[in-house]
Amino acid sequence: MSRLPESPFWIAIKNRRKRTSQTNRIRTTRYNILTFIPKNLFEQFRRVANIYFAILIGLNWIPIVNALSKQVAFIPLTVILTITAVKDLVEDLKRWRSDAKINKQIAEMYDKKSKTFIPCKWQDLSVGNVVRVRTDQTVPADILLLSSASTEGTCYLDTAAIDGETNLKQKSIPSCFLNVNKAAEETSFELQCDPPNDDIYHFCGRILLSTGTNAHPCDNSNFLLRGCVLRITEYVDGLIVYAGNETKIIKSSRQTISKHALIERYINRDVLFSSIILTILCLIGAGLAIRWETSFGEKWIFVPFILDDPFQDKAARFFINTLRFVILFQVMVPIALYVSLDLVRVLQMYTIARDKHLKYEHPISCRTFTINEDLGQIEYVFTDKTGTLTQNRLVFKTMSIDGIQYSKRSELPAETDTITERFLTTLAICNTSFIVHDHPHLRRSLDYQPKYEGDNADDLVLCQTASQFGVRMISRSAQTIIVRYLDPSNSHNRDLEYEILCLLPFDSTRKRMSIIVRLDDQIFLFIKGAESSIWPHLSALNDSRMKETVEQHSLTFAEQGYRSLLVAYRQLSLREFEDWFQRYRHAANALDNREEAISDTATEIEVDLMLAGLTAVEDKLQDGVPRAIATLRCAGIKVWLLTGDKQATALSTAQAASLINIPQTSLTDSQASTRNNAPAATIWDFDRSAQARLNQHTHMIYYSSQLIEIDQQLRNQESSGSDEVRTEKTIARMADVIAAQSSPVSVVVTGDDLGVILRYKSKEFIRAVCECQSVLFCRVSARQKRELVSAAKSVFKHRILAIGDGANDVGMIRESHCGVAVYGREGSQAVAAGDFAVDRFECLRRLLLVHGAWCFTRTSELILYTFMHNCAFVFVVFYHQLFNGFSGAVSLHSLYVLLYTSLFTVLPQCAAALFDQHVPANRALHEPELYQYTLHAKCYGMWSYWTNIMDAIWQSSVIFFIAYFAYKNQADIDGLSFGFSIAFSMTVTSVIHVFLQTRRVDLPLVASISFSILVFLGFTLVFDVTCINCLAGQSSYQISYITFRQGLFWFTNLLTVVLALLPRFLFKCVYNTTVNPLLRDIQEDNIPSRTEDTAL
């Protein structure tokens, strides 16, 4: 056979310039000694907030627009940059130490000169080296397996550090190395493979031996990832393919997902409003400054404050005055809010992680702290079924062989017929399971029970079932499988050796797997898979009665919630197999789109199948799932179920999980109505209205039925529409049916129909079903899950949460606004991709209704408070300009201007943002409808912003003008004393404002308020005696000591604080007693007053 044509990718590789081979040294640090300062500053100044501060500092150094002390103006930005730099430095030092420890580990590398394996540090290895890994050692790089101490050419790996799976994985040597005479280390060959990538589940390559012209495929079954641990096998040798930072695990760990909460849109909106207010104030101030200067007419020359002719260059003077007021009013746009927000979010995430109610085997993992508030605004939950709603612990229940149902081995006939034997043989060998601790000397024993391992739960349970029914796989290698057939009494056995000719693994397109084996001179194809993927490929020679019986059994199994797989077989001629195998080898050697080519080729041989029977396994729901889904439904959250199971199984699961309520109706859209054995609606401990909604019967709409009716209409009109037209009309008809229903509606869609919908009318479909209580998608692929979430994001205005546990859910989790992974039995790829990771689905109940709602209300109050008290400060400064000719001068000391927003008032609101509760946790769970308060952002609307702005204007007016009129005629009061009185009023008013605004008063809040006041007083008393002339022209020596001795000061401030907070106090009293939905009397069950919170 001639050499296969080279792919364009491989030609590009051969023609590229030679470069130094990639070493195995990893480097995850971001900086070194020389680049730390410039690179860190560059990264920090990519933030708009820091650029904003830097520009204002630069403008403040221009004498003509100077508004604040130059030294003081530097302090905020310097502190922020320093703290961030120290944090980044500490994190990078940790990474550097970790890298050094890993790089200095010792491995064994093959030395061509001495022809032995010699010790070598990991960092000194490079691509092309051959390494030896011994038992319980970690694989140092991504390697292609060349040889193994096992006589079968296999090895066993512990991959828990990579994918979280605790079961061992079996890897085998490429077939081309099995019969090589000399050692693999001395064999000359060429390896063509994928470029370095982050897909830890796929590897595609081919081997060209120097002794031949044929290409031999190699894939993930021959590939060992860096970080795996070798088990059982004494040692293996492998060729380093990817090294260092190009290994798959390192590349996959560098993936970052940028997500932003919906609340940030509200912040951007309010920042725009604040910018408009800032612009108006600056323009008014600049205009009035020009008017004041020109009001003296020709006498301006006698005014000492006016240095230049005010009648010349008015435009330039207007521009300069505007810049001066921008510097003076800069906090009107609270750029520092983002710093406070990040700090509070991190601490909120910490409190969520410590919640004991969210911990089972693992504590909740919070990986993305920027979307805490989104948990309180989830309206749609897209959930997987297997392993997410169910336990993914499969239990064999029954099987149908040749139309006869069996649940126990004793029910089998005494004389096993051909179909039964082939059915059980398929279960025993058509899988990827393997035997660990294989002991050849024990195989002679009739009661020998090998231990099976594998990465597929279905394969394992069916292989064990075949063993229990007397067809037992007792040995498996890369070339052969030995199966033991036991008679019903287990007294006699017959061992048959099957030669493996080809294994066609399961893929999401075919939804089936098959194995081709040779027994003596006969060649068989054994296959199992989803009914929809095997039924169309059955031979016309199958008995029609048997097919009808199996179909009826399938429906019965699905109604009971069982997962089922069809089992079939086919006998091949040698010529037929050889012709097909040539095409298969060509597909297996492709470097481009290999999986698609193999899938297409496999479909060619998986035809004319003889039906053997059907299996049924049960995957029970997790504890708490029905209650969790019922709670989410009462909260106004709509749940969409996406599963690879067939329609009847999905409906049965949805009924058991309280997702739908159809007590006496058909679970399928087939012609006959079948009885549903699901129990009646469960009585939960919700209030009466919520329970009533749950008890309503669900109106089921089947998309396929609507499509059939549309097709019938088109045929009656003697017209044939395209798929796009048919889909458009079906969606329109379905939308009319949904709109006409008063009861809850659930729509059922199959994977084939979904594919057409996503191709033509995805957004229209989502708009049509957006108000449905639930939507069930059956037989969907991983790609369809991701595309559906992506389309939904473009339509829904609220947040979407996707939850799953397997690798097929990763796309959906990453695409959603909030991705939640479930620690399961399908590895940790979903956990690595999720923003949060939980042990069970029921954790969503508390995560959303309690922590999500708390985070949203807490953060909303923090944001509104920041806008309000910054606005109050700006207006106090603005009022100063009314009495100083709009010169930009203020009576407040520069340090009070700085510390008011950054030290004196920030702690109480941060405490409220961590510990406040708009409702107790147990009430939030008992009355799920309270989630609507945060879902629809009732605590943070546009009116909330303007209400707080008006309150800020009131407070600032009271603070300034009461002090102004109180001290107006006091000749012994200077400007700084007047300014100190205002600073005192502002600080006390702000911290007490937080006290009034919170719903829950506790020790942290009281302590933070007390501490803030003490900090203000302590700073003032120390500063006023130590800083005689720290800042030019701003000596505050003994100011506070003088004012504290004046009765007028205390009376003025007491009156100011009371009047400033009186409107908010009265408004809150009226609101709470009339329209506040959170404080209505509870008419139903008594709710304990004890709150369940997590202490920081």
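Owing to the predicted nature of the structure, the values given are computational and were not obtained by experimental measurement.

**Focus on the nonpolar core**
Judged by nonpolar contacts, the single largest core of 135 residues is most densely connected at Phe 329, Leu 801, Phe 841, Leu 848, Phe 873, Tyr 940 and Ile 982. When residues in this core are grouped by element, the largest group, 23 residues, is from helix 26 (residues 843-881). Counting 43 residues, the second largest nonpolar core, distinct from the first, contains Ile 419, Tyr 448, Ala 466 and Ala 612.

**Looking at the side chain of Lys 385**
Mapped onto the fold, Lys 385 is located in the loop between strand 14 (378-384) and strand 15 (395-401). A polar side-chain atom of Lys 385 sits 2.7 Å from a polar atom in the side chain of Asp 645. Discounting chain neighbours no more than four positions away, the residues touching Lys 385 are Thr 390, Arg 563, Leu 641, Leu 642, Thr 643, Asp 645 and Thr 653.

**Things to note about the sheet that holds strand 14**
One open sheet holds the nine strands; their spatial order is 13-32-31-30-14-26-29-28-27, and the pairing between them is mixed. Unpaired on one side and paired on the other, strand 13 (365-366) and strand 27 (699-702) mark the two borders of the sheet. Relative to strand 26 (residues 638-642), strand 14 runs parallel, the two being bridged by five bridges. Bridged to Tyr 380 within strand 26 is Lys 638. Against the sheet, helix 21 (residues 751-760) makes contact with strand 28 (745-750) and strand 29 (774-778), and its axis sits at roughly 90 degrees relative to strand 28, the strand it touches most.

**Points about the packing of helix 20 (residues 723-739) against helix 22 (residues 762-769)**
Look at helix 20 against helix 22: their axes get within 9 Å of each other, and the N-to-C directions meet at 10 degrees. Of the possible angle classes, the one that applies to helix 20 and helix 22 is roughly parallel. Between helix 20 and helix 22, the contacting residues are Ile 731, Met 734, Ala 735 and Ile 738 on the first element and Glu 764, Phe 765, Ala 768 and Val 769 on the second. Grouping the amino acids of the contact of helix 20 with helix 22 by side-chain chemistry returns seven nonpolar, no polar and one charged.

**Some details on the pairing of strand 29**
Across the five residues of strand 29, five count as buried, placing the element largely inside the fold. The alternating pattern of strand 29 places Ser 774, Leu 776 and Cys 778 and Val 775 and Phe 777 on opposite faces, both of which are buried. Pairing of strand 26 with strand 29 involves four bridges; the strand directions are parallel. The residue bridging Leu 642 from the neighbouring strand is Phe 777, located in strand 29.

**Some points on a negative patch on the surface**
On the surface, a cluster of negative charge is contributed by Asp 402, Asp 417, Asp 543, Glu 548 and Glu 551. Examined against the element boundaries, Asp 417 turns out to sit in the loop between strand 16 (404-406) and helix 10 (418-429). In this structure Asp 417 comes out as partly exposed when scored by relative accessible area, which is 33%.

**What about the pairing of strand 23 (residues 522-529)?**
Each regular strand shows side chains that alternate between the opposite faces of the sheet. Summarising burial for strand 23: seven of the eight residues are buried, a large majority. As judged from the eight bridges shared by strand 22 (residues 512-519) and strand 23, these two strands associate in the antiparallel manner. For Ile 516, the partnering residue across the bridge sits in strand 23 and is Leu 525. Looking at chain direction, strand 23 and strand 24 (residues 562-572) are connected through seven bridges and run antiparallel. The residue of strand 24 that forms the bridge with Ile 523 is Leu 572.

**A few points about the sheet that holds strand 11 (residues 229-231)**
Whether parallel or antiparallel, the strands of a sheet pair through hydrogen bonds between backbone atoms. An order of 6-5-11 is seen for the three strands of this open sheet, with the pairing classed as antiparallel. Single-partner strands in this sheet number two, and they are strand 6 (169-172) and strand 11. Along the sheet, successive strands turn relative to each other by an average axial angle of 45 degrees, direction set aside. Here strand 5 (residues 154-158) pairs with strand 6 via four bridges, running antiparallel. Among the inter-strand pairings, Leu 157 is bridged to a residue of strand 6, identified as Lys 169.

**Some remarks on the environment of Ala 924**
Tracing the chain through its elements places Ala 924 in helix 29 (residues 921-926). As for Ala 924 and Leu 848, which are separated by 76 residues in sequence, their C-alpha atoms are 9.9 Å apart. Every residue in contact with Ala 924, bar those within four places of it in the chain, is listed here: Leu 849, Val 850 and Val 919.

**Points about helix 22**
Within an α-helix, residues lying three or four positions from one another point in the same direction, as the helix has 3.6 residues per turn. Those residues of helix 22 that sit buried are Ser 762, Phe 765, Ile 766, Ala 768 and Val 769. For helix 22, the buried positions fall inside an angular range of 160 degrees around the axis, keeping them on one side.

**A look at the confidence of the model for the protein**
Summing up the model confidence of the protein, the mean pLDDT is 83 and the portion of residues at 70 or higher is 89%. Low pLDDT, under 50, characterises residues 664-680; the stretch is placed with 31 contacts to residues that sit more than four places away or in other chains. Taken together, the stretch residues 1081-1096 has pLDDT below 50 and engages in 34 contacts with residues farther than four places along the chain or on a different chain.

**Overview of unusual backbone geometry**
A positive phi angle, close to 65 degrees, is found at Ser 658, a residue other than glycine. Within the secondary structure, Ser 658 sits in the loop between helix 17 (647-656) and helix 18 (688-695). With phi around 55 degrees, Arg 779 is a residue other than glycine that occupies positive phi space. Turning to its location among the elements, Arg 779 is positioned in the loop between strand 29 and helix 23 (782-793).

**Some points on the packing of aromatic side chains**
Remark: the centre distance and the inter-plane angle together describe each pair of aromatic rings, the angle taken between the planes. The final tally for this structure, using the stated rule, is 57 aromatic pairs. With a centroid separation of 5.1 Å and an interplanar angle of 65 degrees, the aromatic rings of Phe 177 and Phe 189 are classed as edge-to-face. Of the two residues, Phe 177 sits in the loop between strand 6 and strand 7 (189-193) while Phe 189 sits in strand 7, which places them twelve residues apart along the sequence. Note on Phe 577 and Trp 580: the rings are 6.2 Å apart at their centroids and 40 degrees apart in plane angle, and the pair reads as tilted. In this pair, Phe 577 and Trp 580 are both assigned in helix 14 (residues 574-588), three residues apart and thus about one turn of the helix distant. The exposure class assigned to Phe 577 is buried, which follows from its relative accessible area of 6%. When the ring centre of Tyr 485 is taken as origin, the NZ or CZ atom of Arg 494, which lies over that ring, is 4.8 Å away. If you follow Arg 840 out to its NZ or CZ, it ends over the ring of Tyr 360, 4.1 Å from the centre.

Cut-offs applied
- Residues numbered from 1 in each chain as written.
- Predicted model: local features only at pLDDT ≥ 70, side-chain atom pairs only at ≥ 80, totals over all residues.
- Heavy atoms only, no water.
- Core = buried A, V, L, I, M, F, W, Y, C linked by side-chain atoms within 4.5 Å.
- Buried < 20%, exposed > 50% of the residue type's maximum accessible area, 1.4 Å probe, protein only.
- Helix = DSSP H or I, 4+ residues; strand = E, 2+ residues; numbered from the N terminus.
- Polar contact = N/O pair within 3.5 Å; in protein donor to acceptor, adjacent residues only side chain to side chain.
- Contact = heavy atoms within 4.5 Å.
- Pairing = 2+ DSSP bridges.
- Axes fitted to C-alpha atoms, helices over the stretch in contact; angles between N-to-C directions.
- Parallel < 35°, antiparallel > 145°, perpendicular 65-115°, else oblique.
- Nonpolar A, V, L, I, M, F, W, Y, C, P; charged D, E, K, R; others polar.
- Patch = residues over 30% accessible without salt bridge, like charges linked within 9 Å, V, L, I, M, F, W, Y side chains within 5 Å.
- Areas by Shrake-Rupley, 256 points an atom, 1.4 Å probe, with all protein chains shown as cover.
- Salt bridge = Lys/Arg side-chain N within 4 Å of Asp/Glu carboxyl O.
- Lys, Arg positive; Asp, Glu negative; His and termini not counted.
- Charge placed at Lys NZ, Arg CZ, Asp CG, Glu CD.
- Arc of directions from axis to C-beta.
- pLDDT = per-residue confidence, 0-100.
- Phe/Tyr/Trp six-rings, centres within 6.5 Å; stacked < 30°, edge-to-face > 60°.
- Lys NZ or Arg CZ within 6 Å of the ring centre and 35° of its normal.

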